[in-house]
Amino acid sequence: EELAVSLKFYSLMATVAFFARPGMFAFITSRMVSLTMKHGICKHSLLGFIQYAMVCGRKTEKETEGASRIGKIAISCLKKRYDVAELLPKVYLCYYGFVAFN
C-alpha cells in the first residue's frame, strides 16, 4: 500500500516534470523503477516502466526496440494482472504516443 501511494505520487510528478522540467522526467521515472525493483510490483509500477521506456527509446533503433519491449510487457502485465481502467488512458498515451511512435 505504501509503495502504491509513493509510485502514484511519483507518477504525478513525472507528468508535471515532462512539461515543466523535462530534465527531471528521467530522474523521476528511474526512481519509480528503482523503488519497484526494491519493493515489488503494483499497478503504478507498470506506468513507471512505460514512462521509463519513454526515456530509453529516444536515441538509437536498438534502444527504441528495447523500450518498445518494456512497454509491451508492462501493458500485457497491466491487462492480465490488474483490472485498472483508470490507468489505461495514461498508459496508452505514454506508450502509443511516445514509445511505439518512434
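Up top you'll find the structure we're talking about.
Attention shifts here to helix 1 (residues 2-20). In this model, helix 1 (19 residues) spans 27 Å end to end at C-alpha, consistent with the 27 Å of a helix rising 1.5 Å per residue. Within helix 1, the full set of buried residues consists of L3, L7, Y10, S11, A14 and A17. The buried side chains of helix 1 occupy one side of the element, clustering within an arc of 130° when seen end-on. With respect to the buried face of helix 1, the exposed residues turned more than 90 degrees away are V5, V16, F19 and A20. Looking at the buried residues of helix 1, the elements they touch are helix 2 (22-39), helix 3 (43-56) and helix 5 (88-99).

Before going further, it helps to examine the packing of aromatic side chains. Evaluation of the coordinates by the stated rule reveals six aromatic pairs. With 5.1 Å between their ring centres and 70° between their planes, F18 and F98 make a pair best called edge-to-face. Separated by 80 residues along the polypeptide, F18 in helix 1 and F98 in helix 5 bring together distant segments of the chain. Ring centres of Y92 and Y96 lie 5.7 Å apart, and the angle between their planes is 55°; this geometry places the pair in the tilted category. Of this pair, Y92 and Y96 both sit in helix 5, four residues apart, roughly one helical turn.

At a minimum axis separation of 11 Å, helix 4 (residues 61-81) and helix 5 run at an interaxial angle of 160°. As far as their axial angle goes, helix 5 and helix 4 are roughly antiparallel. Crossing of helix 4 against helix 5: the hand is left-handed. Counted together, T64, A67, S68, G71, K72, I75, L78 and K79 of helix 4 and L88, V91, Y92, Y95 and V99 of helix 5 form the full contact between these two elements. A breakdown of the residues in the contact of helix 4 with helix 5 according to their chemical character gives eight nonpolar, three polar and two charged.

We now examine the side chain of T29. By the element assignment, T29 lies in helix 2. The exposure class assigned to T29 is buried, which follows from its relative accessible area of 0%. Those residues in contact with T29, other than ones at most four positions away along the chain, are A14, Q51, Y52 and V55.

Quick notes on the rules
Residues numbered from 1 in each chain as written. Predicted model: local features only at pLDDT ≥ 70, side-chain atom pairs only at ≥ 80, totals over all residues. Heavy atoms only, no water. Helix = DSSP H or I, 4+ residues; strand = E, 2+ residues; numbered from the N terminus. Expected span 1.5 Å × (residues − 1). Buried < 20%, exposed > 50% of the residue type's maximum accessible area, 1.4 Å probe, protein only. Arc of directions from axis to C-beta. Contact = heavy atoms within 4.5 Å. Phe/Tyr/Trp six-rings, centres within 6.5 Å; stacked < 30°, edge-to-face > 60°. Axes fitted to C-alpha atoms, helices over the stretch in contact; angles between N-to-C directions. Parallel < 35°, antiparallel > 145°, perpendicular 65-115°, else oblique. Left-handed = near helix turned anticlockwise from the far one by under 90°. Nonpolar A, V, L, I, M, F, W, Y, C, P; charged D, E, K, R; others polar.

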